Every structure is written in structure tokens, then in C-alpha cells.
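Summary of the model geometry
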Amino acid sequence: MQATILSLPWLSLAIWLPIVAGIIVLMLGSDQKPTLTRWVALIGSLISFVVTIPLYTGFDHKDGFFQFEELLSWVPAFNMHYHLGIDGFSLPLVLLTSFTTVIVVIAAWEVITKQIAQYMAAFLIMSGIMIGVFTTLDALLYYVFWEAMLIPMFLVIGVWGGPNRVYATVKFFLYTLLGSLLMLVAFIYLYHQTGSFELADYYLLPLSFKAQILIFIAFFMAFAVKIPMWPVHTWLPDAHVEAPTGGSVVLAAIALKLGGYSFLRFAMPIAPDAAHYFSTTMIVLSLIAVVYIALVALVQKDMKKLIAYSSISHMGFVTLGFFMFGQLALEGAMVQMISHGFISSAMFLCVGVLYDRVHSREISAYGGVVNTMPVFAAFAVLFAMANSGLPGTSGFVGEFMVILAAVKFNFWVAFFAATTLIFGAAYTLWMTKRVFFGEVANHHVAELADLNKREFFILAILAVLVIGFGVYPQPITEVMQATSAEFLKHMAISKLPVAGY
Amino acid sequence: MDNMQYDLITLLPELIVLGMAMFILLLDLFILPQNRFVLYGLSQLTLLVAGFVTFNTHSPAVGFAFSHMFIDDTLADVIKIMMFVGTSLIFVYTRKYLQDRQMFRGEFYAMVLFGLLGMMIMVSGQSLLTIYMGLELLSLCLYSLVAFDRDNTRASEAAMKYFVLGALASGMLLYGMSMLYGMTGSLDVNDIANHIAEQQKNNPVLLMGLVFVVAGIAFKFGAVPFQMWVPDVYQGSPTPMTLIIGSVPKLAAFAMTVRLLVQGLHPLAVHWQEMMLLMAVLSIVIGNFSAIVQTNLKRMLAYSTISHVGFIMFGFMSANANGFASSFFYITAYVLMSIAGFGVILLLSRQGFEAEEINDLKGLNQKHPWYAFLMLIIMFSMAGIPPTLGFYAKFTVLQAAWQAGFTYAVVLAALMAVIGAFYYLNIVRKMYFDAPEQYGAITAPLELRIVLSVHALALLGLGLFPEVLLSICGRSLLMSLQ
């Protein structure tokens, strides 16, 4: 690693630059000066993205531990530290976050006309906070970021959302808060056991079986709500449907990953014995999400709701991969998270493109869109294929790795997991067929104008990424190999006190 | 040094406040109504000088005056300075409101300063008598402040309620104190503690006395089951008086609890811990659930106060230094939040418009995005969402209670915080998601706007960097309790 790259606090920059940019947008921008507001936001998001690139280029693939560490004392009264660091799990997610923010800013360009500055600022600030969640190694700091994220998201859904936005956003907030507070209780317990909030201390702390079970359940409440796992998923379709396009993109692409990532960072390594104990339960819950939620998606009439359910189903794959405790499964789950970040963003953006023109998300309001929007239809079909896991797209890689690992693990698990290839294709392609193909359904569709340059640009970037990572997923997998090996090594060692139990 | 002289020097801040309160009362007779801002200025000056004197005469050593009836320790000094800051904020926030409603009179400032004097005496009370005297001085000022707007029937009703129930509570406290005195033969809290520890931990009369003392304290805090007066008085009083009742006196109540229960009755901690636990849990549950259905902002804040008091008691029931420090931190945070919350109401109200219904905040973000943002910070801070001060407040008390072994109570309180979040979110929701209904410019003076902005941002700043306040609270308490 070069000394020059380490000389700047890149992680702090990645967190605080977007937040500062958000504050600048709030101060400079207004509805009277929309162009200025948009450009400031775009430049802010681009700079914020650029500062995350050195994290990738300077990352040592062979090192399975934390890199780019920053350690400052923050609140000595609680022995709380400003401790940052990334490993192979968090690095791709940090990049995904900063990248998605750029996409969201561009996607909102002409679409958002009401309180532009606040909208842009909310996303920039949220981006910084989410990177904070992915990079902190101090439990209390992590909690601060985790909860702080709720505030901008609450406002984004509530201010710029659809007709039922208030119900959706309050539900989103309270659901998430309920889970988080139990996690806080778990942190309080761990704090009194170790006297610190250092994650490293928690990893080494021996815990009785009962304590591990309770801690795992508390974490599960927080993370399962966020992912979301069946049966605590019900906030997600509401929030997704009512959120503005940008909100849906950030929710699907990043917010859900916070839950998945946190399982790897907290729940599993802190309570490994409980994680093993609950693995069957978790696998069953994941399979229910994969199969049952896919069936629910099949009958949706609203495009955004359909994609929301499809997200839950795909996230089922992620938790499934985590709890099989194999390197292939784990990496498959991580790839699935990243790939789902791209694909779901693209799907929501596609719905956004249609919604901006027709102001309806109902599948039945469309039909034969390909006739009036051929370029758009090409993109949409590509992303639909990726969503259903077509080989050659990034959607395939993760699912395939997880299924492959599942075959070794247990035939029936693999069997049910593999049904997603059928159900996923069924609900996605059926929706595509109804929306894009056939006769032109009504005069709204007949009057549709094809993509403008801006929309083409963002969809094209996402298309390149989806295909690129589908053909050549190494950039994602190689950074996490060492980390996942370390992780599994850690998970294999029981943390039960030697004398006890 | 001569004994009397030493006593008077120790009491210098109190004497300053006393002298100035009387001077302002007198001056008011001779001053023309249009020159009354002089009284406002003098009151602020009083606070400044008293704060300066308190700060400069502070020493880490504990000083006693008037034969151990009055104590001057770090805790007292810190709380007094906090009270000066709080009262000063109150004066800034209330001036315009009082002027608009013909309540801008010298008596107001004199009353508040006398009340402040009462609180200062409570804070430094080392004998049951001193504490009671301070409490009564404060209470009498508060009763009359509530009824300050003579022609306001609702305020008079609130004052009547407050007075009757408050007198009852004072009576209970005094009755309890008399039992303590009867059993221990001393009024000095430290003597009482020593006496109980040496001889009679399970004396039934002492326990009876304890129950009455705790009931008196609970009433002053407004904890369940002594919370009945809180919503009515909060709603009925003119907003500046609500602001006064709901903020700084809580600091005094905290100090009174420290003096009576921690210093005086610590040997009986096992018994008052149980009472505190019950009151804390009930306050959080009842306060939060009742707040949900309120449509009046002041009434909602009243119920939210009850639930905050529950959290404060969580710290006390731990009955160790960590717990008391967490209570102190929580109460400081609460006073800051509550002054800011009422500050926003005062900011938005103008001649003939009270801004005290939750619906009056509708669409505030579209009209005045900056003030909506400030209220957003205050509400999230009250709800305990990081990165605001309110989060660390909740966190400190919960971890203290956990450390003391109240596991289930902590889990319950954490779940109740979700209920609490609901009604704070409701306000944010009205401000940000609804279209504005009430149109009208903000007529508040510049000083109010600036001070309120700094104040609300401080809730965020202290949430990002809570260490300063945490260490002040923790250390001052440790130095005084040792």
C-alpha cells in the first residue's frame, strides 16, 4: 500500500463530505434557483463518490482485517471512540452507496420541483450517514449513524412521496425504531460486560449461551426489520410504493443492505453459537421469503409494489447465504447484495421514468410501451432479465453461488432456493409483458416520449454495471475473499466460556 | 474570618438575586410603562452578575454556612449556573409575548427572581428546614405567576388547581420531614443519614416518613401517581408561565431529591428504589400513552414531561453515582429541550394568536423552513433519536438502570420510547408533510430568533459532542457525594 493513499483520512472524507455538501446545498439552494441547486448537489455527490475510489484502489485484498482505520476518542465518559475501518464486506457497500447517491441526484434532476434543495440535501446527508454505518467499528457510533439515517428518510418519504406517504413513513420509522432500540439494549449489555464499545472487544468476549441467544434475538429484531425478513417485512412495500423514485432507490439499493451487512458485522460474530443455533430458523425464514414473497409479488397490480416484494425475495437469498456458513454461500450473498443494489435501483428508475410521464404505477395503466419507447423498453427488459437471474447479468452470479452452496448444504434448501429462478422470472417477465408488449393500451401510452439524454445516461451506466459484473464478477469477489475466510474462521470458534455450559 | 461575614459571603449569589428582586419590585412603581425594558435589562444583569459571582467564588472544597443549614458545594454551584442560564433564556423568549398581552410588568421579573432565589436555597439546602423554605418560596411564586394574567379564567383555574394540590404536596413533604426529625432528632441531612445507618434501618415511622417525602418529591416532579396537576396547569397557564414551571424548577427538584434521598435517606435506598421503580415505569407508560391523543401542544408537552420524569427516576432508582449522574445529565438535557420547545411556541405566537394547538404548526416548513428545522431538532431530541442530545440522555439513564440490574424495566422503557417517538413524529409530520393553514408573519424580535437558533442547534451540537456536559454532570455530582 502506498503511503500517499494512507495519508488522508479517506473514510472520514467519505462520511463527512456528502454531509457537508448537503448542508451547502441547503444554504445555497432554493426553489427560485433550481439549476444552481441541482448543480451544487451533483458536484457534491460526485466529489463524495470520487473520495471513495481510493478506498478501492488502496485496499489490500490479501488482508482479511480492517483497513484504513481511524481512531479518535469521542466520548471518554462512555469509552466511546470515533473508530472507522473497512474490510472486504464493507468496501463494496461503501462504493455502492456513494455511487447510488450520484444516480439519485441525476434521477431527480427535472422530476423534483418542490423543495429541491431539501430533497437533494436529504440524500447527500443520508449518503454520508449510511457510509458511516458501513464503516464504524464502534458500536455506539454505529448506533448513532444507524438511527440518524431514519430522520432524512422519514422526511424524504413524507414530503415527496405518494398519496399515502404519511402512513407509510410513520410506519417505516416506528418499525425500524422498535428493532433498533432492542439492539441498543444489547449494546448496553455488552458495554457493561466489556466496559467499551469497541467491536474488537465484543468479538473476543466470551458469552454464555443464554446471553448469546438474547443478544442474537435483539440484533435480529433490528436487522431483520431492516433487511426485511419475513414476517417483519410489511413496512417495506408501503414505504417503497409511497417513496419518491430516489427514496425507493436508496431504500432498495442501500438501506436494506444495512441490515444484511449488520448481521455479518454484529449479530453473527458477537454471538456465533447463537447464530449456529438459529441457523435452521434463519434458513427457513429466508426460504419463506424467497418462495412465499415471490408468490405474493406475482399477484401485485402495482409495479413498485411488485419490485418491493421482489426485493424482499432477493434479500431472502442474502440471509440464506449468510447462515449456511460456507465461503461460497457467504460470497454469493455479498455479490447478491451488490447486484441487487444495481438491479433494484434500475428497476425503480424504470418505474420512475414511466411514472413521471403517466403518473400511474398500475400495471394495467400500461401496455405496448415498446411501441412508443423502444430504447426504454430495451433497457427495461434487460433489467427485468437481470432481476430474474439471467446468466450474463449480475443477478445470476449471486443467486447461482448461493444455490450451488445450498446443494452441498442440503438438497431441499437448494430445491426451494432454486424455485426463485422460476418465480422470479414469472413475476418479472409477466409484468414486463403486460407493461411493454402487446398493443398500445391507451392514449397515455400512445403519447409517451422516449428517454431523454439524462435518463438514458443513468440507465446506460447501470446496464453496463449489471452486464459487466455479470460477466466478470471478480472485482467484487476478490476484495472479500480474505475477509470472508477470516469471518468463517471466527465463526467456527465457540465463544462459550470454557468452564461453563 | 468572622462567622457571620463568612456566611454572608457564601450566600453572595443569593443575596444579589434577593436584593435585585426587591429593587426591581420597587423600581417598577416609579418607572413609566414604556421604560419597563429597563427592568428586563436589570433582570438579565442580575442573572449575569449572580452567575459570574457563583462561578468565581467556586472552590472544589465544600463550604457550609449558617451552622450547616446551607451548603456550597460543586453540585450546588453547577446547578445554580444552569438555572441562571435557563432563566436568562426564559426572559429572552417571553419578553415579546408578555408585551403583546399587557403582562410586561415589573412583578413578573420580581416573581421569577424570587422563585429563582427559592430554587437556589433548595439547591443549597442542607437542613430539612432550608429545603422546605426554598421549596415554599418557589411554589408561592409559581402559583402567583400562573394566575398572573388576572382576567384569564383558565389561568386562574389552573392556578387554583396548582395551589391546592401543591399545598397538599408540601404538607405531605413537611409531615414526612417531621417524622424524620422525630425519629432522628436532627434536621441536618447528613446527621439523619448517619443516625439511620447506625441505628434504625427498619423503623416503621422512618419508613412512613420516607413515603411522605417521596410523595412530596414525586409531586414536584409530576411523576405518576402525582401527575394530575401537570396537564391542566401546563395547558391553562399562559405559555411563558408554562415554560417557567416546566423547565428550571425541575433542576431544583433534582437537587432536592439529591439532598433528601441521596444524602439524607441513602441508608433507606432499598425502600425508595422500589417506589422509584414503580413511579418511573408508570410515568413512562402513562405519560407516553396519554400524550398520543393530545391535540394541544402544551398539553402534549405536559404528558411528555411526565414520561421524561419517568426516565429521570430511572437514574435515581439505580441508587449509585452512575445513576445519579445520569439523572442529572437527563434533567439538564430535558430542561434545555423543554425551554427550546416552548421557545418555538412563543416564537410563533403573536398578538391574538397563541400557536399552541398542534395544528397551528401545519406546513411550517413551507412558510419558515429554518424554524421548522429547529423544531425538528427539538422534537427528535425529545424522542431520543441520535445525533441529538436527547439520545445520550436516554442512553445514560438506561445504561445506569441496566447496571443496577433493572433489566426488564430497561427493556420496557426502550419499547416505550417507540410510543414516545410517535407523537413527536406527529409534530414533525404536521410541519413537513401538511399544507400550511395559518398564515402570518413571525413578529418575534431578532434576539429571540438568534438565541433560539443557537439554543436548538446546541441540542444537535451537544448530541454530536456530549462529552462536555456529561463530564460536568458526572464530576460535579461525584465531588459533592464522595
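Anything mentioned here points back to the structure above.
In this convention, every chain numbers its residues from 1, walking through the sequence in written order. Note on labels: chains are lettered from A, ligands numbered from 1, in written order. With the structure being a predicted model, the display of local features is reserved for residues of pLDDT at least 70 and the display and counting of side-chain atom pairs for 80 or more, all residues being used for whole-chain, interface and lining totals.

**Things to note about the overall build of chain B**
This is how the line gets drawn: Here a strand is any run of E in DSSP of at least two residues, a helix any run of H or I of at least four, and the numbering for each starts at the N terminus. Each radius of gyration is computed over the set of C-alpha atoms, and the globule rule expresses the reference value as 2.2 Å times the number of residues to the power 0.38. Any residue surrounded by 20 or more other C-beta atoms within 10 Å of its C-beta is treated as buried, while 12 or fewer makes it exposed and the intermediate range makes it partly exposed; C-beta atoms here are placed from the backbone. In this description, any two residues whose backbone-derived C-beta atoms lie within 7 Å of each other are considered to be in contact.
The number of helices and strands found in chain B is 21 helices and 2 strands. Here the C-alpha atoms of chain B give a radius of gyration of 21 Å, agreeing with the 23 Å that 2.2 N^0.38 yields for 482 residues. In terms of principal-axis extent, the alpha carbons of chain B reach across some 70 × 60 × 40 Å. Across the 482 residues that make up chain B, the buried fraction comes to 59%. Summarising the internal contacts of chain B: among those between residues at least 6 apart in sequence, 80% fall at separations of at least 24.

**Re the pairing of strand β2 (residues 80-86) of chain A**
Residues and elements named next belong to chain A. For clarity, the cut-off: Strands pair, by our definition, only if DSSP identifies at least two bridges between them.
In terms of burial, β2 is largely enclosed, as 5 of its 7 residues are buried. Note that strand β1 (residues 67-75) and β2 share 6 bridges and pair antiparallel. Residue pairing across strands places Glu70 opposite Leu84, the latter belonging to β2. Between β1 and β2, which pair antiparallel and follow one another directly, the connecting turn spans 4 residues, one of which, Asn79, has a positive phi of 60°.

**Thoughts on the interface of chain B and chain A**
Here is the rule: Nonpolar residues are Ala, Val, Leu, Ile, Met, Phe, Trp, Tyr, Cys and Pro. Charged residues are Asp, Glu, Lys and Arg, and all others, Gly as well, are polar.
In this complex, chain B contributes 25 residues to the contact, which on the side of chain A involves 27 residues. Going through the elements one at a time, α18 (389-403), α19 (407-433) and α21 (467-481) of chain B are the ones with two or more residues in the side of chain B that touches chain A. The greatest single-element share of the side of chain B that touches chain A, amounting to 12 residues, is contributed by α19 of chain B. Grouping the amino acids of the side of chain B that touches chain A by side-chain chemistry returns 19 nonpolar, 4 polar and 2 charged.

**Observations concerning unusual backbone geometry**
The omega torsion of the bond from Val224 of chain B to Pro225 of chain B falls at 5°, within 30 degrees of zero and hence cis. Here Pro225 of chain B lies in the loop between α9 (204-221) and α10 (229-236). Cis geometry is found at the peptide bond from Pro386 of chain B to Pro387 of chain B, where omega equals 5°. Considering the arrangement of structural elements, one finds Pro387 of chain B in the loop between α17 (369-383) and α18. The backbone of Phe325 of chain A sits at a positive phi, close to 50°, despite the residue not being glycine. Its location among the elements puts Phe325 of chain A in the loop between α16 (303-322) and α17 (327-358).

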